[in-house]
Amino acid sequence: MFCVTPYRWVFIYEKGYQSTDTAVSSVFTKMKGVGYTNVNGQERVWDVADYVFPPQGDSSFVVMTNYIITEGQAMGKCPEVRLFCPSLLFPFLLRSLCFRWNTRGHMTGICVNTTKTCEVLAWCPVENDHNIPDPPLLMSAENYTLFIKNSITFPIFDVTRSNLVEGVDANFIRTCLYDPVTDPLCPIFRLGDIVKLSGFSFEVIARVGGAIALVIDWTCNLDLDITHCKPKYTFHARASVGYNFRFAKHYMEDKIQKRTLLKVFGIRLDIIVQSLARKFDIIPTLTAIGSGVGIFGVATVVCDLVLLYLLPKREYYKNMKFNYLIKDQMYHPSFR
Amino acid sequence: MFCVTPYRWVFIYEKGYQSTDTAVSSVFTKMKGVGYTNVNGQERVWDVADYVFPPQGDSSFVVMTNYIITEGQAMGKCPEVRLFCPSLLFPFLLRSLCFRWNTRGHMTGICVNTTKTCEVLAWCPVENDHNIPDPPLLMSAENYTLFIKNSITFPIFDVTRSNLVEGVDANFIRTCLYDPVTDPLCPIFRLGDIVKLSGFSFEVIARVGGAIALVIDWTCNLDLDITHCKPKYTFHARASVGYNFRFAKHYMEDKIQKRTLLKVFGIRLDIIVQSLARKFDIIPTLTAIGSGVGIFGVATVVCDLVLLYLLPKREYYKNMKFNYLIKDQMYHPSFR
Amino acid sequence: MFCVTPYRWVFIYEKGYQSTDTAVSSVFTKMKGVGYTNVNGQERVWDVADYVFPPQGDSSFVVMTNYIITEGQAMGKCPEVRLFCPSLLFPFLLRSLCFRWNTRGHMTGICVNTTKTCEVLAWCPVENDHNIPDPPLLMSAENYTLFIKNSITFPIFDVTRSNLVEGVDANFIRTCLYDPVTDPLCPIFRLGDIVKLSGFSFEVIARVGGAIALVIDWTCNLDLDITHCKPKYTFHARASVGYNFRFAKHYMEDKIQKRTLLKVFGIRLDIIVQSLARKFDIIPTLTAIGSGVGIFGVATVVCDLVLLYLLPKREYYKNMKFNYLIKDQMYHPSFR
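Computed from a predicted structure; not experimentally measured.

Calculation criteria
Residues numbered from 1 in each chain as written. Chains lettered and ligands numbered in written order. Predicted model: local features only at pLDDT ≥ 70, side-chain atom pairs only at ≥ 80, totals over all residues. Heavy atoms only, no water. Helix = DSSP H or I, 4+ residues; strand = E, 2+ residues; numbered from the N terminus. Buried < 20%, exposed > 50% of the residue type's maximum accessible area, 1.4 Å probe, protein only. Contact = heavy atoms within 4.5 Å. Areas by Shrake-Rupley, 256 points an atom, 1.4 Å probe, with all protein chains shown as cover. Buried area = accessible area lost by both parts, 1.4 Å probe. Polar contact = N/O pair within 3.5 Å; in protein donor to acceptor, adjacent residues only side chain to side chain. Phe/Tyr/Trp six-rings, centres within 6.5 Å; stacked < 30°, edge-to-face > 60°. Lys NZ or Arg CZ within 6 Å of the ring centre and 35° of its normal. Least-squares fit on C-alpha atoms with pLDDT ≥ 70 in both. Pairing = 2+ DSSP bridges. Salt bridge = Lys/Arg side-chain N within 4 Å of Asp/Glu carboxyl O. Nonpolar A, V, L, I, M, F, W, Y, C, P; charged D, E, K, R; others polar. pLDDT = per-residue confidence, 0-100. Disulfide = S-S within 2.5 Å.

Draft legend 1. Broad picture of the overall build of chain A. In terms of regular secondary structure, chain A is built from nine helices and 15 strands. When the 336 residues of chain A are sorted by exposure, 49% land in the buried category. Here the contacts in chain A between residues at least 6 apart in sequence split such that 68% fall between residues at least 24 apart. Total accessible area computed for chain A in this model is approximately 16,400 Å², and 58% of it derives from carbon and sulfur atoms.

Structure (structure tokens):
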């Protein structure tokens, strides 16, 4: 009887009698909530059109939580912020040598005396991103909510499901909030909760940025009722903290092209859909039986299957027999 | 002889003698066409840079078909549009209680008498999106065209194909228009046709938005001539209707930062490439034979394969034998 | 003994004793470098916020290398650039017939005498993209650098790796530059090198645009030490040259909505992560043995495995035996 257990393992636990399919899925997202900042007495609010990049509701997007703003930049010549002239550091140099350094502008070769830094042709004034605002300017982002609409189709089995499953209707959505224990099917997530469940600290990630994967897992046994095919949400920190990018808003002032430069720190969210459906299928069943026959001979396998699947009260019998057989093998003479 | 048919099924219909590969693919898209609106006597046109989000020609993008525009928004205090003061609804309240409501702005606590709504610090005037324009403002989007350039590579078989297959050259593209029956290989699609073939009504989806998957299916048998490896386009509605997002264009007026807010309703198109190439390979062939031998014994399988694949006139013989065997099985004593 | 080799092939070369897993991955990108243009004596620089689309550091983005700029467009009526009036080409026509042509604007029906072209309601003046600047305006893009941060997780084996592997630390990154031979693990790439390694000519692709796939390949045998699991970067030209899109920057001038239209030619980079991890697993081992037993009988396979894997000095023995067996088969009577 030795070796029957691995065979049964393939058949029962690896579900060798079912064929599998992965889904084609679509994801839509919508953030809600308003941020508020009061910098130097200047109040302003930040709505969705201000803090979500890109705005289309894709499965991957960034929520701005902190920023360094440089207003009124125009093309011109001005001193760099932290790029000190080599001639000041090394006084034996005759010329300023403000050349060939990879910066945010094009070196003019001139050393500006007042700042002791090189002059550049650039968007002026140049950004000074030495200090990242702490605490983050948009800590209020913690209370933003994210609504996810996800539908999947298993093409082989021709089954379509949405994350708005039975019971998750318009009424429920109006008031619910995702909670891994009490409300695991609500498709509305608080940003602070997402961050906490991924293992990050909100204050840290909001300040310097970071990336989180929100995984929607659809593992469905389609031999059961379709209502058992439900999404499961999990949250994962991706890489280490630190995520930012630069973004410019252009405008015209007195016939001069200007821009507002934002260095955006934020939470990059990627909604990832993982799916695996299984359903009884005669082909893999016969193949699995075939492999079994190859190893153990016809008689053992057929008897085994008859006992396990065809006799009445098979659920009860299966458990009994299986436990018994394991014990049987452990005490079998060939194991001693 | 019973059980030979499922074995042969694996071998012939599931193509157990071929190995498979999925492709790495790249997709470029380009919309063409101009929309025209005449709102309150103000004529304007909408070109590609106005109605496609994002503009880069990605495989996933949105074509704007309807919008609610709020012009000249600036940061300030103004009454909300539909958020009535609680003190007016419940006269026994002494204070206005315009607090803590999740809206598009930051509540100031003041109730504005003229509008009977709460005052907010927000982008003012606040958007009023109660009525969605009907008919959609950009019904002309129906006649926009979409050009798709798709190339795929099967890395294992080292085969590269493009959707501009044999016969689909620069001349053909200049005049052709995709039609599932008469022109199934033309890579230029009318937006109205895409919507119709996906099962949506254009007027409905253009008004409230919606999402469509355009699937390019490359199922190729590389044992045949490469020219048989052609794309097949299908169109699928994704989830239910209703898709919109907000988008802001910023500008400066009299030293004040302003923006034009657009609530965009549109058609989100996702170009999805599905691919599966098959080619004869000795390894899966031997494995498939091995499994067959496990079930049915060497003699049956080898004779079977010799008859089916090695004898001359095998195509003719295969059909004959196969039909005969099916009949044979059906009338075999063991089935009676 | 014939047929043992294909079986062993499955087992050893196809690694039939290992189970496999593909990774969930995340990719962040950051471009660095400044472009410089001098058009008609007007100097300007282009920084990251100007030349990367979209700005968020996604795995797919476009680096602008050439452009056609149309400044100060406003909604209005003006003559088309190259759309000559039909009545001038065919003088027997009485009316101008400037209708129903698919252009960048809405035909008014009027023929403009000075230009001999049809008048359109459009963003005026209309773009003239007949001549693509040559050499490309931003040839300096060749020296931009791309930093890639990629982390992967094999969920089944619970293994997480980053492309900043052992030895690739903050110090190393500050100075290194990717080179396929001398520095294959440095995650900083010069744009010119990427283009060259993909087989394109930088001058050509910079002028008319094109697309390149940067593939990060993680093929890992997790039975070995984890430090052997390293990324391998390869570069592939995608489709033929030619990639452009239109992009508008909006602004307000004297209460009139205007825009600057850019026809952007550039390099579209797609970072693609391919991954395959393998690890010893009892289930596929037994299945592979089972299939082997089906074909060759128990004795052959078991002896074979014992000799190959269980005896001491098995590495040495394996090579010897394997070579011997191949020779043995080649000179075996049944092959003569």
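Draft legend 2. Quick peek at the interface of chain C and chain A. Across the contact, 33 residues belong to chain C and 40 residues belong to chain A. Across the chain C to chain A interface the summed buried area is about 3,000 Å²; carbon plus sulfur atoms make up 59%. At the boundary of chain C and chain A, one finds eight residue pairs in polar contact (both at pLDDT 80 or more). Mapped onto the side of chain C that touches chain A, the elements with two or more residues apiece are β2 (24-32), β4 (42-46), α2 (48-51), β9 (145-154), β14 (244-253) and α7 (282-296) of chain C.

Draft legend 3. Region of the structure containing the environment of Ala49(C). As for its position among the elements, Ala49(C) is in helix α2. For Ala49(C) and Met31(C), which are 18 residues apart along the polypeptide, the C-alpha to C-alpha distance reads 9.8 Å.

Draft legend 4. Structural detail: the packing of aromatic side chains. Going through the model one piece at a time under the given rule, you end up with 33 aromatic pairs over all chains. Their ring planes at 80° and their centres at 5.7 Å tell us that Tyr178(B) and Tyr233(B) sit as a pair that is edge-to-face. Of the two residues, Tyr178(B) is situated in the loop between α4 (170-175) and β11 (188-190) and Tyr233(B) in strand β13 (residues 232-238); the sequence distance between them amounts to 55 residues. When its relative accessible area of 6% is taken as the criterion, Tyr178(B) is described as buried. Relative accessible area serves as the criterion here: at 4%, Tyr233(B) is assigned to the buried category. Ring plane angle 50° and centroid distance 6.2 Å describe the contact between Tyr243(B) and Phe245(B), whose orientation is recorded as tilted. Relative accessible area serves as the criterion here: at 4%, Phe245(B) is assigned to the buried category. Among the aromatic residues, ring-to-ring pairing joins Phe28(A), Phe53(B), Tyr243(B), Phe245(B) and Phe247(B) into one connected group. The ring of Trp46(A) has Arg44(A) sitting right over it, with the charged end atom 3.7 Å from the ring centre.

Draft legend 5. Looking closely at the relation of the copies chain C and chain A. You can overlay chain C on chain A at an RMSD of 0.0 Å; the transform is a turn of 120° with a shift of 0.0 Å along its axis. Between the two chains, the operation in question is that of a three-fold axis.

Draft legend 6. Quick look at the pairing of β9(C). Residue and element names in this part refer to chain C. For β9, the tally of buried residues reaches eight of 10 residues, placing the bulk of the element in the interior. Bridge count for β2 against β9 is nine bridges, and the pairing is antiparallel. Looking at β9, one finds that Met31 is bridged to Leu146. Here β9 pairs with strand β11 (residues 188-190) via three bridges, running antiparallel. Residue pairing across strands places Thr145 opposite Arg190, the latter belonging to β11. As judged from the four bridges shared by β9 and strand β10 (residues 159-162), these two strands associate in the antiparallel manner. Bridge pairing in β10 places Phe154 opposite Val159. Between β9 and β10, which pair antiparallel and follow one another directly, the connecting turn spans four residues, one of which, Asp158, has a positive phi of 55°.

Draft legend 7. A look at the relation of the copies chain B and chain A. Laying chain B over chain A is done by rotating through 120° and shifting 0.0 Å along the axis; what remains is an RMSD of 0.0 Å. Taken together, the interface assignments show that only 10% of the residues at the interface of chain B recur at the interface of chain A, consistent with different surfaces on the two copies.

Draft legend 8. Expanded view of the interface of chain B and chain A. Taken together, the contact pairs 40 residues of chain B with 34 residues of chain A. Area buried by chain B at its contact with chain A is led by Arg238(B), Met252(B) and Arg268(B), which between them contribute 16% of it. In this structure, Asp58(A) engages Arg268(B) in a salt bridge whose closest nitrogen and oxygen atoms are separated by 4.0 Å. Broken down by secondary-structure element, the contributors of at least two residues to the side of chain B that touches chain A are α1 (4-13), β6 (60-84), β8 (117-124), β14 (244-253), β15 (256-280) and α7 (282-296) of chain B. Of the residues forming the side of chain B that touches chain A, the biggest block, eight residues, is contributed by β14(B). Looking at side-chain class alone, the side of chain B that touches chain A contains 22 nonpolar, 11 polar and seven charged residues.

Draft legend 9. Geometry of the confidence of the model for chain A. Residues and elements named next belong to chain A. A residue-level look at chain A finds 75% of positions with pLDDT of 70 or above and a mean pLDDT of 81. Overall, residues 1-6 carries pLDDT values under 50, and its contacts beyond four positions in sequence, including any with other chains, amount to nine contacts. Interface confidence for the predicted complex, expressed as ipTM, amounts to 0.78; the pTM equals 0.81.

Draft legend 10. Looking closely at the side chain of Asp270(C). Residue and element names in this part refer to chain C. Here Asp270 lies in strand β15 (residues 256-280). The class of Asp270 is buried, set by a relative accessible area of 9%. A polar contact of 2.6 Å, which involves the side chain of Asp270, links it to the side chain of Ser60.

Draft legend 11. Representation of the state of the cysteines. Residue and element names in this part refer to chain B. Per the counting criterion, the structure on display carries nine disulfides over all chains. Each sulfur of the disulfide joining Cys78 and Cys124 lies 1.9 Å from the other. Taking the sign of the torsion about the S-S bond as the criterion, the disulfide between Cys78 and Cys124, at about -85°, is left-handed. Of this pair, Cys78 sits in strand β6 while Cys124 is found in strand β8, placing the two residues 46 residues apart along the sequence.

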